[in-house]
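# Geometric and topological summary
Listed below, chain by chain, are the residues.
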Amino acid sequence: MSTVIWVAVVVVAVVAIVAVGYFVLQQQRRHRLRDRFGPEYERTVQERDNRRDAEQELIAREQRFSSLDIRTLDAGTREIYTKKWMEVQERFVDAPGFAVTEADHLVTSVMAERGYPTEDFEQRLSDLSVAHGRTLDHYRQAHEISTRAAHKEASTEELRQAMVHYRALFEELLEAPGSSVNDSRASRRVETVDGDLGRTGATVPADRDVPRADSVKPEHETADDDAERASRRDTQGR
């Protein structure tokens, strides 16, 4: 075999190895981005012209995130914010619109405490997506409802859902160092606050006596019973 052929074979082999290596690296990067951003990965792909542009944007978000001074909260601060949230949730019963506005401000306050820039909402979403991609859609939906609520365009049920969505991100931002965050945990948070608000809205006053179901008879049965008793009294009297 001539030298030229050998050179050609080597060149083809090198090109093939480089191509395979590039493909493997690209797949690893894609897997890493999907794992880190969760649902936000597919959302970004759908919003961009192609997958490559979307992945480049996600990488740019990671680079910006690494330049931020993101801090964890100490136990005392977490406790203070937890109490504030409970107060907001309790006010929801009497003033749902006001409570939702307070919840939005409270989430923004926790973000600032952690070191996230909070001036622009879209930038907030971008920064949060790096570490909180799995609960970010909750925040997006809550903010949309809150915006409509400011114009009196949201129903009470929508306001309740906004509280549910806000808490999903709020509690994740309060996570203690070393805590693991995943989809199932975020889902349990949403179910918990949904149940809490549901129970709050359906509370019966303590001074109200609620009759047992088996102690209440239909009206026609009560009337028949009264007539029968009256008949027996008349018979006994005669």
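Now for a description of the structure that goes with this document.

Conventions we followed
Residues numbered from 1 in each chain as written. Predicted model: local features only at pLDDT ≥ 70, side-chain atom pairs only at ≥ 80, totals over all residues. Heavy atoms only, no water. Phe/Tyr/Trp six-rings, centres within 6.5 Å; stacked < 30°, edge-to-face > 60°. Helix = DSSP H or I, 4+ residues; strand = E, 2+ residues; numbered from the N terminus. Buried < 20%, exposed > 50% of the residue type's maximum accessible area, 1.4 Å probe, protein only. Lys NZ or Arg CZ within 6 Å of the ring centre and 35° of its normal. Salt bridge = Lys/Arg side-chain N within 4 Å of Asp/Glu carboxyl O. Patch = residues over 30% accessible without salt bridge, like charges linked within 9 Å, V, L, I, M, F, W, Y side chains within 5 Å. Areas by Shrake-Rupley, 256 points an atom, 1.4 Å probe, with all protein chains shown as cover. Core = buried A, V, L, I, M, F, W, Y, C linked by side-chain atoms within 4.5 Å. Arc of directions from axis to C-beta. Contact = heavy atoms within 4.5 Å. Polar contact = N/O pair within 3.5 Å; in protein donor to acceptor, adjacent residues only side chain to side chain.

### Observations regarding the packing of aromatic side chains
Counted by the stated rule, this structure contains four aromatic pairs. Relative to Tyr116, the ring of Phe65 has its centre 6.3 Å away and its plane inclined at 45°; by these criteria the two rings are tilted. With Phe65 in helix 3 (residues 51–67) and Tyr116 in the loop between helix 5 (96–114) and helix 6 (121–132), this residue pair connects regions lying 51 residues apart in the sequence. For the pair Phe65 and Tyr116, a shared accessibility class is recorded, and that class is buried. Among the aromatic residues, ring-to-ring pairing joins Phe121, Tyr139 and Tyr166 into one connected group. Positioned over the ring face of Tyr81 is Lys84, at 5.3 Å from the centre of the ring.

### Overview of the pattern of salt bridges
Under the counting rule described, the total for this entry stands at 19 salt bridges. The partner of Glu62 in a salt bridge is Arg32, and the shortest N-O contact between them spans 2.6 Å. Of this pair, Glu62 sits in helix 3 while Arg32 sits in helix 1 (residues 3–37), placing them 30 residues apart in sequence. Here Glu62 falls in the buried class, since its relative accessible area comes to 12%. We note a salt bridge from Glu57 to Arg48, for which the minimum N-O separation is 2.4 Å.

### Describing a nonpolar patch on the surface
Residues Ile5, Trp6 and Val9 make up a contiguous nonpolar surface patch of about 300 Å² in total accessible area. Take Ile5: its relative accessible area is 41%, and that puts it in the partly exposed class.

### Quick notes on the nonpolar core
Counting 38 residues, the largest nonpolar core has Leu128, Tyr139, Met163, Tyr166, Phe170 and Leu173 as its most contacted members. When contributions to this core are tallied by element, the ones reaching two or more residues are helix 1, helix 2 (39–47), helix 3, helix 4 (75–91), helix 5, helix 6, helix 7 (136–149) and helix 8 (156–173).

### Things to note about helix 2
Taken as a whole, helix 2 has its buried residues at Glu40, Tyr41, Thr44 and Val45. In a view along the axis of helix 2, the buried residues occupy a sector of 140°, so they form one face of it.

### Observations concerning the environment of Arg71
On the secondary structure map, Arg71 appears in the loop between helix 3 and helix 4. Along the primary structure Arg71 and Glu113 are separated by 42 residues, whereas in three dimensions their C-alpha atoms are 7.8 Å apart. Discounting residues that sit within four places of it in the chain, Arg71 has contacts with Ala112, Glu113, Arg114 and Gly115. A distance of 3.0 Å separates the side chain of Arg71 from the backbone oxygen of Glu113, its partner in a polar contact.

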